[in-house]
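Architecture at a glance
Okay, here's what each chain looks like letter by letter:
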Amino acid sequence: MKAMIFALFACAFNLIAGYGRLVSFGHAMFLGSAGYVCGHAAKVWALTPELAILTGTATAALLGLVSGWLAIRRSGIYFAMVTLAFAQMIYFVALQAPFTGGENGLQGVPRGMLFGLIDLSKPVNLYVFVTVIFLAGFVLIMRLVDSPFGQVLRAISNHEARAQSLGFETDRYKCLAFTLSAALAGLAGSTKAIVTQIATLTDAHWSMSGEVLLMTFLGGVGTPLGPVIGAFVVVAMQNYLAGVGQWVAVIHGLIFAVCVLAFRRGIVGEVSAWWHHRGSRGSGAVPSTGQAVPGK
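Since we're looking at a predicted model, the values are computed, not measured.

**A few points about the side chain of Asp 203**
Along the chain, Asp 203 turns up in the loop between strand S4 (198–199) and helix H9 (206–219). Every residue in contact with Asp 203, bar those within four places of it in the chain, is listed here: Ala 28, Leu 31, Gly 32, Lys 192 and Met 208.

**A word on the pattern of salt bridges**
Taken as a whole, this structure holds three salt bridges when the rule is applied. A salt bridge links Glu 160 to Lys 174; its shortest N-O distance comes to 3.2 Å. With Glu 160 in helix H7 (residues 160–165) and Lys 174 in helix H8 (residues 170–196), this residue pair connects regions lying 14 residues apart in the sequence. Its relative accessible area of 29% is what places Glu 160 among the partly exposed residues.

**Looking at the state of the cysteines**
For the structure on display, the rule yields zero disulfides. Summary of cysteine pairing: Cys 38 is not part of a disulfide, and the nearest cysteine sulfur, belonging to Cys 11, is at 20 Å.

**Regarding the environment of Phe 232**
Along the chain, Phe 232 turns up in helix H10 (residues 226–240). The spatial distance from the C-alpha of Phe 232 to the C-alpha of Arg 172 is 33 Å, given a sequence separation of 60 residues.

**Some remarks on helix H1 (residues 2–17)**
Taking 1.5 Å per residue, 16 residues should reach 22 Å; H1 reaches 22 Å between its end C-alpha atoms and fits that length. Counted residue by residue, H1 has 15 buried out of 16 residues, so it is predominantly covered.

About the criteria used
Residues numbered from 1 in each chain as written. Predicted model: local features only at pLDDT ≥ 70, side-chain atom pairs only at ≥ 80, totals over all residues. Heavy atoms only, no water. Helix = DSSP H or I, 4+ residues; strand = E, 2+ residues; numbered from the N terminus. Contact = heavy atoms within 4.5 Å. Salt bridge = Lys/Arg side-chain N within 4 Å of Asp/Glu carboxyl O. Buried < 20%, exposed > 50% of the residue type's maximum accessible area, 1.4 Å probe, protein only. Disulfide = S-S within 2.5 Å. Expected span 1.5 Å × (residues − 1).

Below you can see the structure in the form of structure tokens.
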């Protein structure tokens, strides 16, 4: 369940990083803020799980709209630093706000009854619930990427000036993409709060933004399945290497460095490139050199 939640988070990040070329260093603010709001809504306001998750997702979307409207006025490293600044502000709000529990986190979040009928305290029901949310989010992202909106977003990332010359309001498209990415990240954060029954500062910390960046680039940024594979690999490493303590972070860093230097397309990207190369060799196709062939 944790792997699927982080896979959805990575897919949301990939929507802007892979298809919009907007690399955010502050996406943890959406995961963390949605988790706190969802947990507070379920615990204090006694909302049902679906309403609490929708509340957390809406909060992340609103935060994404505000921060995105300001951040998209810059590009490259300046865009990344603006998003990081917003994330740090949200982190300190979560640290000081009375309802978040500070360093202890918001504990005892009830799972409740889904639609008043399905008991999420049962592991099977909870597992199916998380699976449905992940698949729904993944399909939504794929539909967005293949839609006219996704095509325009790719055009903007490839050549923004040319897209503007064709009459597209590029800032509006980038702001909408950022908001959608924030909402889906908030959906992952809200679901995580219900599943783990706690919302902590870890989810809002800047290191979580680095972790989702690692997942996405390790699996293959700009590919549909890359973030999913990357999330499952990173979560598996966290679980099976937990015995080495803080060295897990060092191992993550080494893997990320090797990936950037030697496998820049990520796991899925490299496998896809190898498969296409193997297929072209198997078919006996000879690449064109642009020179005339004698006798033709």
